[in-house]
Each structure stands twice: as structure tokens, then as C-alpha cells.
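Residue-level listing of the chains:
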Amino acid sequence: QVKLVESGGGSVQPGGSLGLSCAVVGPMISINYMGWYRQAPGQQRELVATITPGFMTNTADSVKGRFTISMDNTRSMAFLQMNSLKPEDTAVYFCHAQVATREHWSGVDYWGSGTLVTVSS
């Protein structure tokens, strides 16, 4: 069974930095892409950034220039480095991966359980 294992997050003051990591574990053929989404209280889940194994990235305008997504193909991991954090970045951050498996060659969407990032003075 494929699952996503997240780590990182926590609390930081405005202007600070945090890093998130996500590992895809379990039997798989390949990873089509990985990404991070976030959901603030009372709001819909929104895209933060995505990355392909070929390192093509897509980053939301709201975090562009402050957040960087990266990927380690050898370890099936994605990372989100968050700098210059603002209070409005406070949210639960979810890792997402579309993974090809023997049962689903085209890929299936998997989600992590989420990790809380709080930016507050």
C-alpha cells in the first residue's frame, strides 16, 4: 500500500523559515508528480507548488519567490522550503503525489495526513 509520510512544520515568527518533507513509501512503478497544498481554517484547499521527476515546477503566485519545492528521485521525496513566512501562510499543509502502481499504471492520487504550519508573533 502506497502512503505519504510527511515531516516538518511547526510554529515560527513572521519572517522566519520552515521546511517540509514528504516521502512516498510502498510498492510503486513511478511517481508522475508530487506537490504541496494547504488549507487555512474556513478556506478551501489550495495549490502551493508541484514538481515532476524532471524538475518542472509550478508555484502559486502567493508564495513565489518565498517557497521552493524540490524533489529527490532516488528517495522518492519532495521538499518544500518556506522562507519569509507571513501570518497568512498559516495552514495545514498536505503532501500530494500521483503514483503509478501495478494496479493503476496511469497513476493514482495519494495524500498525506497534513502538517500544521503556524506563523505568528
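The structure under discussion appears in the preceding block.
A. Summary view of the packing of aromatic side chains. Applying the stated criterion across every chain yields a total of one aromatic pair. The interplanar angle of 65° and the centroid separation of 5.1 Å between the aromatic rings of Y37 and W111 together place this pair among those described as edge-to-face. Residue Y37 is found in strand β4 (residues 30-39), and its partner W111 is found in strand β10 (residues 108-111); the two are separated by 74 residues along the sequence. Its guanidinium or amino end placed over the ring of F94, R45 lies 3.7 Å from that ring's centre, counting from NZ or CZ. Between the NZ or CZ atom of R45 and the centre of the ring of W111, over which it lies, the distance is 4.7 Å.

B. Just the state of the cysteines, in detail. Enumeration according to the criterion identifies one disulfide in this entry. Note that C22 is cross-linked by a disulfide to C95, the S-S spacing being 2.0 Å. Residues C22 and C95 are joined through a disulfide that is left-handed, its torsion about the S-S bond being -85°. Taken together, the positions of C22 in strand β3 (residues 18-25) and C95 in strand β9 (residues 91-100) put the pair 73 residues apart, joining distant regions of the chain. Residue classification places C22 among the buried positions, given a relative accessible area of 0%.

C. Examining the pairing of β4 more closely. Note: β4 against β9, nine bridges, orientation antiparallel. When the sheet's bridge partners are listed, Y33 is paired in β9 with Q98. The sheet contact formed by β4 and strand β5 (residues 46-51) spans five bridges and is antiparallel. When the bridges of β5 are listed, M34 appears paired with I51. Between β4 and β5, which follow one another and run antiparallel, lie six residues, and G42 among them has a positive phi close to 75°.

D. Focus on unusual backbone geometry. Here F55, not a glycine, exhibits a phi torsion of approximately 70°, which is positive. Within the secondary structure layout, F55 lies in the loop between β5 and β6 (57-59). The backbone of S76 shows a phi angle near 55°, a positive value even though the residue is not glycine. Here S76 is to be found in the loop between β7 (67-72) and β8 (77-82).

About the thresholds
- Residues numbered from 1 in each chain as written.
- Predicted model: local features only at pLDDT ≥ 70, side-chain atom pairs only at ≥ 80, totals over all residues.
- Heavy atoms only, no water.
- Phe/Tyr/Trp six-rings, centres within 6.5 Å; stacked < 30°, edge-to-face > 60°.
- Helix = DSSP H or I, 4+ residues; strand = E, 2+ residues; numbered from the N terminus.
- Lys NZ or Arg CZ within 6 Å of the ring centre and 35° of its normal.
- Disulfide = S-S within 2.5 Å.
- Buried < 20%, exposed > 50% of the residue type's maximum accessible area, 1.4 Å probe, protein only.
- Pairing = 2+ DSSP bridges.

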